[in-house]
Amino acid sequence: MTRMTRRLAAIAMLAGAALATNAAAQDFPTKPIRLIVPGPPGGPTDMLARELANKLTEYLPQPTVVINQAGAGGMIGASTVAKADPDGYTLLFGNSGPLASNMSLYEKVPYDVQRDFIAIARFVELPNVLLVGNKVPANSVSELVALIQKGGNWSYGSGGNGSSHHISGAMFAKRAGVAITHVPYKGSTPAMQDVIGGQIPINFTGLVDALPQIKAGTVKALAVTTLQRAPAMPNLPTMSEAGLAGYNVGAWMGVVAPAGTPPKVVEALNAAIVRAGRSPEMVKKVTDLGGSIVVGTPAEFADFMKKDIAHWAALVKESGARLD
C-alpha cells in the first residue's frame, strides 16, 4: 500500500467515525442516562437531582437514573464523570463544591473543571442557612456571636470539606471575629441529625435540606447566607441584615458532561433540562424549597462557572477556610 493510499484510507476511517458519531448523536438517547450525584442520598443535591431525573424521564425516550457517589468533597463523583466516555450517557449533577470552591481549597484536584467537563445547563440557585440547636440560647445572629465571644468550645457542622456550607461557616467566623471549629460531615443529612441531637451547636446547610426541620421546630434558623431573603422564608433575615455587612455565600447546582461530548447531544440534553426547569411543577417545587430556577444555555453556564471559580477563590482566601 502506497503512502497516498494509506493516507486516503486514514481519512476515510476518520470520516466514517465522524459520521457514526453524528448518527449516534442524532438518535440520542438510545439507552438509560446515568446522573451522578457527588453526595449521599437524602441531601439537597440528591433531592433536586431526583426531581430533575424524573422530569427528564418524561421528556426523553430513555430513563435517567440517579447514582450517588459521595466522598472527597464531591470529587469522587466528579472524577467518575470526567473519565467517562463523552457520549452523554454519564452526567454530573454538580454543585459549587466540586465544580468551583474545591479548585481553591484542595491542593490537588483530580480534574480541571474547564478542561475536563462541558457545560450542559445550570439548574438552580440556593441560599444556605445558619441553624442552631434548640438548646442553644440564641435567637438571632447577634445573640449567637455574643455567646461565642463569652468563650467555650464552639463548632459548626457542614456537608463536607469544600462545600458551600463549609465556606459559609468560615466566612461567618471571619466576619464576626469569633473562633469556631469546623466539623465536616459526609453530607448534609448527618450534620443535620447531629445539630438536632445536640452533638454540635451550629450548622450551615442548604435551605432546601433545612426547611422541613425549621418548620417542624427541631432547629432554629437565624439567617440565610445570600444577599436576598428566601421567598420560602420571607421573615428570615439575611446575614448582611443581621449585622455581617456584605456577607454573601450561596450555592448552585447544574449538569455537566465529559469534555468531548458531541454538540448535538449537548443540545438535546440542554433542551430537556431547560424544559424540565421551566415546567410549572418544577418551578413551584424549587420555590417552595427556597431556591430559584436558573436554566439557560451551555455557553451561559460555562461562563458562569469560569467566573464562579474566581469568586470562590476570593471567598476561600478572605475566610481563611482550610481542610479539616
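Residues numbered from 1 in each chain as written. Predicted model: local features only at pLDDT ≥ 70, side-chain atom pairs only at ≥ 80, totals over all residues. Heavy atoms only, no water.

(A) Focus on the packing of aromatic side chains. All chains considered together, the criterion is met by seven aromatic pairs. Ring centres of Trp252 and Phe304 lie 5.4 Å apart, and the angle between their planes is 80°; on these two criteria the pair is classed as edge-to-face. Of this pair, Trp252 sits in strand E9 (residues 250-258) while Phe304 is found in helix H12 (residues 298-319), placing the two residues 52 residues apart along the sequence. In terms of burial, Trp252 and Phe304 fall into one category: buried. One aromatic cluster is present, built from ring pairs that chain together Tyr156, Phe172 and Phe204. The ring of Tyr89 has Lys31 lying over it, and the distance from NZ or CZ to the ring centre is 4.8 Å. (Phe/Tyr/Trp six-rings, centres within 6.5 Å; stacked < 30°, edge-to-face > 60°. Helix = DSSP H or I, 4+ residues; strand = E, 2+ residues; numbered from the N terminus. Buried < 20%, exposed > 50% of the residue type's maximum accessible area, 1.4 Å probe, protein only. Lys NZ or Arg CZ within 6 Å of the ring centre and 35° of its normal.)

(B) Looking closely at the packing of helix H2 (residues 44-59) against helix H10 (residues 263-278). Where H2 contacts H10, the two axes come as close as 9 Å, and the packing angle between them is 115°. Crossing geometry of H2 relative to H10 is assigned as right-handed. For the pair H2 and H10, contact is made by Leu52, Lys55, Leu56 and Tyr59 and by Ala272, Ile273, Arg275 and Ala276, respectively. Of the residues assigned to the contact of H2 with H10, the class counts are six nonpolar, no polar and two charged. (Axes fitted to C-alpha atoms, helices over the stretch in contact; angles between N-to-C directions. Left-handed = near helix turned anticlockwise from the far one by under 90°. Contact = heavy atoms within 4.5 Å. Nonpolar A, V, L, I, M, F, W, Y, C, P; charged D, E, K, R; others polar.)

(C) Quick look at the pairing of strand E4 (residues 117-133). Counted residue by residue, E4 has 15 buried out of 17 residues, so it is predominantly covered. Direction of pairing for E4 relative to E9: antiparallel, over a ladder of nine bridges. Each residue of the ladder has a partner; that of Ile118, found in E9, is Ala257. As defined by bridge partners, E4 adjoins strand E10 (residues 292-293) across two bridges and the pair is classed as antiparallel. What sits directly across from Glu125, in E10, is Ser292. Pairing between E4 and strand E7 (residues 202-206): five bridges, direction antiparallel. Looking at the pairing, Leu130 lines up with Phe204 of E7. Looking at chain direction, E4 and strand E8 (residues 219-224) are connected through five bridges and run antiparallel. Within E8, the residue paired with Gly133 across the bridge is Val219. (Pairing = 2+ DSSP bridges.)

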